[in-house]
Structures are given as structure tokens and as C-alpha cells.
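Coordinate analysis (summary)
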Amino acid sequence: MADVGVWYNQLPRFTRYWLTATIAASLGSRFGILPFHYVYLSRRLVLGEWELWRCLTSLVVYPLTSSTGFHFLINCYFIVQYSGRLEKDQFNRSPADYLYMQLVISAMAVIGGLIFNVSFLMDILVVAVTYVWCHLNKDVIVTFWFGSRFKAIYLPWILAGLELIFHGSIASLIGIFIGHLYYFLKFQYPQDLDGGNFLETPRILKRFAPDVSGGMSGFGVPPANRNNQPSPGGFTSTWGRGNILGR
């Protein structure tokens, strides 16, 4: 238990908050503490009955059953791996920037869920954050099923394809669109196209989570050492069976 506590406390701050909120809310819904019929996203109930809290609960509640439990654990693994690495590496000196990214992606996930009638948004969030990490680390080699190896940039598309084929769900495709929109507005448009920075972090968030002084922040520019100079052998991440995102 001590080792688990050490591991948990070593998770980056906002990744730890996200993981904790998701596990607590999902277990609360599973055991009836949070009534299931009050937590899912519904276009009729949100826009017609103004039950706006569903926009928040649908972000952190996952419908746990005997058939979805393993998928939930895989999603939690992706949160730890990709949200954790993104916050620790690219956003290590600017925690408010990472928090703002999460807020922007969450808002877009709610909009996407309302448009496409997706009741629970965990899959969308996980894929969107994974997409951002993969594009900032596009040449890093990851290992997938049966020892297959490929560049990280292809990972979201492989997950989306498997989900669409085996589950008929477009949640991962929505997540890819959201992740790409964020990546384009935050990185490509201001840097490659000399456009304005539409996603500049508000000052109130900077006051809430001040920048870490000392050194240089990896935020704002896809780091060259990750895109063009991967470490020998690359970072590998292995998934077992059943790690398809989406229901």
C-alpha cells in the first residue's frame, strides 16, 4: 500500500485530480451514491430542462458494469500514461497551461457529446489528450497488440478504427477531431501559419497555478528532441487484450 501511495503522489497534479475524480465518480454511480439517471449527458435534459450539471458529471462518470470494467481500467491507464506524460513533459513549467488545455478539451467534448448524442465522455477525453501527446511525440515508437510497433502519431487512428469496427462507436473519432482542433489552434496556427494565439491561458488560471520558476518550459513548442531525435529504441508502451477505446 505504501508503494501505491508513493506512485499516486508522484502523478502530476492535474492528472492526479482527473484520475481521482473519474474513479470516485464512477464508483459512486456504480454503487448508487450518484443516481445513474442524474449523471449521463442528454441533449433533451441539458438544453430542454436546463440540467446543466450533466455537462460535468458526464465528464467524470463512466458506466461501470461487469462488461465495461476492463475498458474503464484501460482508460485509466491511458490517463496515467498520456495525460501524465503530457503534463510532466510539455507542460512541466506551466501547469496552468495544462489545466486550460483540459478545460478547452472538456468543453469541446461536451459540445461533441450533445451533437452526437454521446452519454458519457470519458472515451472522448482520453483520446483527445492521447492525440495531443502523440502529435507532440509523433516519432516515438509505441508497441501495440502482438508486439506490433509503429510511430505514436498513428496510435489514435488505430484505436478509432478498432473501436468503430468492433463497437460501432464514433467516440474516438470525436476525440481525434477535438485533439486535432486543439493542437492546430495552439501549435500549428500560431507557429507555422503566423496566426494569433486563440488559446492563451487566462491570467486567473495563472494565478491559481503559477508557472514554475527556473529552467525552460517545454510548453508552446513541440520539443525537437521528441519529434526529431527520439531516444534509442524509443519509448515503448504495451497494451494487453481489449484496450479498444469506446463501448
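Residues numbered from 1 in each chain as written. Predicted model: local features only at pLDDT ≥ 70, side-chain atom pairs only at ≥ 80, totals over all residues. Heavy atoms only, no water.

**What to know about the pattern of salt bridges**
- A full pass over the atoms with the stated rule returns 4 salt bridges.
- With a shortest N-O distance of 2.9 Å, Asp211 and Lys206 are connected by a salt bridge.
- A residue is classified by how much of its surface remains accessible, and Asp211, at 43% relative accessible area, is partly exposed.
- Several salt bridges converge on common partners, so that one network encompasses Asp97, Lys206 and Asp211. (Salt bridge = Lys/Arg side-chain N within 4 Å of Asp/Glu carboxyl O. Buried < 20%, exposed > 50% of the residue type's maximum accessible area, 1.4 Å probe, protein only.)

**Quick look at the UniProt feature "transmembrane region" (unreviewed entry) in the chain**
- The UniProt record marks residues 17-40, 52-80, 100-133 and 165-185 with the feature "transmembrane region" (unreviewed entry), using the residue numbering of this structure.
- Annotated as residues 17-40, this span is 58% helix and 0% strand, and its ends, taken at the C-alpha atoms, are 20 Å apart.
- Structurally, residues 165-185 comprises 86% helix and 0% strand, and the distance from its first C-alpha atom to its last is 30 Å. (UniProt positions renumbered as here; feature names shortened; annotations may be inferred. Helix = DSSP H or I, 4+ residues; strand = E, 2+ residues; numbered from the N terminus.)

**So, the packing of aromatic side chains**
- For the structure shown, the criterion picks out 11 aromatic pairs.
- Ring geometry for Phe36 against Tyr40: centres 6.3 Å apart, planes inclined by 35 degrees, an arrangement best described as tilted.
- For Tyr40, a relative accessible area of 23% corresponds to the partly exposed category.
- For the pair Phe36 and Phe120, a centre-to-centre distance of 5.6 Å together with 40 degrees between the ring planes defines the contact as tilted. Of this pair, Phe36 sits in the loop between α2 (13-30) and α3 (43-48) while Phe120 is found in the loop between α6 (95-116) and α7 (122-136), placing the two residues 84 residues apart along the sequence.
- Among the residues examined, Phe120 registers a relative accessible area of 11% and is labelled buried.
- Three or more aromatic residues joined by ring pairs form one cluster here, namely Tyr77, Phe78, Tyr82 and Trp133.
- Above the plane of the ring of Phe31 lies Arg30, whose end atom (NZ or CZ) is 6.0 Å from the centre.
- If you follow Arg54 out to its NZ or CZ, it ends over the ring of Tyr40, 4.8 Å from the centre. (Phe/Tyr/Trp six-rings, centres within 6.5 Å; stacked < 30°, edge-to-face > 60°. Lys NZ or Arg CZ within 6 Å of the ring centre and 35° of its normal.)

**A word on unusual backbone geometry**
- The phi dihedral of Trp50 falls on the positive side, at around 60 degrees, and the residue is not glycine.
- As for its position among the elements, Trp50 is in the loop between α3 and α4 (54-60).
- By relative accessible area, Trp50 is classed as exposed at 61%.
- One non-glycine residue, Asn117, adopts positive backbone phi at about 60 degrees.
- By the secondary structure assignment, Asn117 is in the loop between α6 and α7.

**Details of the packing of α6 against helix α9 (residues 171-192)**
- At their nearest, the axes of α6 and α9 sit 10 Å apart, and the two run at 140 degrees to each other. Compared by their axis directions, α6 and α9 come out oblique. Handedness of the α6/α9 crossing: right-handed. Residues Met101, Val104, Ile105, Met108, Ala109, Gly112 and Phe116 of α6 lie in contact with α9, whose contacting residues are Ile174, Ile178, Leu181 and Tyr182.
- Broken down by class, the residue content of the contact of α6 with α9 amounts to 10 nonpolar, 1 polar and no charged. (Axes fitted to C-alpha atoms, helices over the stretch in contact; angles between N-to-C directions. Parallel < 35°, antiparallel > 145°, perpendicular 65-115°, else oblique. Left-handed = near helix turned anticlockwise from the far one by under 90°. Contact = heavy atoms within 4.5 Å. Nonpolar A, V, L, I, M, F, W, Y, C, P; charged D, E, K, R; others polar.)

**A word on the packing of helix α5 (residues 69-90) against α7**
- Packing of α5 against α7 leaves a shortest axis separation of 9 Å and a crossing angle of 40 degrees. Taken together, α5 and α7 sit at an angle that is classed as oblique. Every pair of crossing elements has a handedness; the one defined by α5 and α7 is left-handed. Residue-level contacts link His71, Phe72, Asn75, Cys76, Phe78, Ile79, Tyr82, Ser83, Arg85, Leu86 and Gln90 of α5 to Met122, Asp123, Val126, Val129, Thr130, Val132, Trp133 and Leu136 of α7.
- A class-by-class count of the residues in the contact of α5 with α7 yields 12 nonpolar, 5 polar and 2 charged.

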